[in-house]
Amino acid sequence: MTPLSRRVLRALDRFHAACPWDHNAHFHRWLLRQLPRRAGTALDVGCGSGDLARLLAGRAERVHGVDADPGITARARELTSTAVPVTYTVADAPAGLPDGPYDVITCVAVVHHLPFTRALEAFRDRLAPGGTLVIVGVFRERTLTDHLLALASIPLNVVMALLRNRGRPAPRPVSMTARTSPADMTFPEIARAARTVLPGARLSRRLFWRYTLVWRHP
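To keep things clear, this report deals only with the structure shown in the data block. Please read all numbers here as calculations on a predicted model, not as lab measurements.

Conventions adopted
- Residues numbered from 1 in each chain as written.
- Predicted model: local features only at pLDDT ≥ 70, side-chain atom pairs only at ≥ 80, totals over all residues.
- Heavy atoms only, no water.
- Helix = DSSP H or I, 4+ residues; strand = E, 2+ residues; numbered from the N terminus.
- Buried < 20%, exposed > 50% of the residue type's maximum accessible area, 1.4 Å probe, protein only.
- Contact = heavy atoms within 4.5 Å.
- Areas by Shrake-Rupley, 256 points an atom, 1.4 Å probe, with all protein chains shown as cover.
- Pairing = 2+ DSSP bridges.
- Axes fitted to C-alpha atoms, helices over the stretch in contact; angles between N-to-C directions.

**Brief notes about the overall build of the protein**
For the protein, the count of helices and strands is 8 helices and 7 strands. Per-residue burial for the protein yields a buried fraction of 45% across its 218 residues. When contacts within the protein are restricted to residue pairs at least 6 apart in sequence, those whose partners lie at least 24 apart make up 70%. Summing over all exposed atoms, the protein offers an accessible surface of approximately 11300 Å²; the carbon and sulfur share of this is 56%.

Now the structure itself:
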């Protein structure tokens, strides 16, 4: 990395510390469009502060959120009205996931923290026939396409931050206080492993350093 590149990245870090916006929440509306209008049960793996779990409650009769972090799970409970059909559990995935079956399983920016193949197998085994699994994940950039998408994401990232915060400094959203770590799998590695466990899964690279996976249980 050149000195100029390092300066640019430091400047971007300072900008986003002042004007943060949640890249993962950006995909929530897209995620909901992949789901049936009504479902019986939904499981959100790595639910964090519960933003997506509460949205899923508009589609599902019962939603269960699971996260390994007790602090962020407690915050999710505080932010969720008792009138909303959402419950939360502190548990490690995939071993600690409830048995199911579930009509919908979601996992946003979490699966790279887990043993990838075992996690997909656990999701598959807990999904009801006809159910839908949707993953929004992160990957390690390697190919030219990866780097071009990353490059295009930088100015768009700035624009989105300015629009979301109306050009003013803002506090970091609760959803962005959970612990994070970088991805170690490339997109081709993810696609190969996913299609072995989930035949017919649809995967796509996305802007903002993300990929998506959609699989419907036969």
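**Overview of the sheet that holds strand β1 (residues 39-45)**
Taken in spatial order, the 7 strands make up an open sheet running β3-β2-β1-β4-β5-β7-β6, and their pairing is mixed. The outermost strands of the open sheet, each flanked by one partner alone, are β3 (86-90) and β6 (202-206). For this sheet, the mean inter-axis angle between neighbouring strands, taken without regard to orientation, is 15°. Examined bridge by bridge, strand β2 (residues 60-67) and β3 share 5 bridges and lie parallel to one another. What sits directly across from aspartate 67, in β3, is valine 90. Of the strands in this sheet, β2 and β3 are in contact with helix α5 (residues 70-79), which crosses β3 at around 165°. Sheet contacts for helix α6 (residues 116-126): β1, β4 (102-108), β5 (127-137) and β7 (210-216); angle to β5, the most-contacted strand, approximately 145°.

**Quick look at helix α8 (residues 187-197)**
Buried within α8 we find Phe187, Pro188, Ile190, Ala191, Ala193, Ala194 and Val197. Those residues of α8 that are buried lie in contact with α6, β6 and β7.

**Remarks on unusual backbone geometry**
Going from alanine 93 to proline 94, the amide bond is cis rather than trans, its omega being 0°. By the element assignment, proline 94 lies in the loop between β3 and β4. With a phi angle near 55°, alanine 109 is a residue other than glycine that sits in the positive phi range. Its location among the elements puts alanine 109 in the loop between β4 and α6.

**Topic: the environment of isoleucine 135**
Position of isoleucine 135 relative to the elements: it lies in strand β5. By relative accessible area, isoleucine 135 is classed as buried at 0%. Sequence separation between isoleucine 135 and alanine 109 is 26 residues; the distance between their C-alpha atoms is 7.8 Å. Setting aside anything within four residues of it in sequence, one finds isoleucine 135 in contact with Cys107, Val111, Leu120, Phe123, Tyr211, Thr212 and Leu213.

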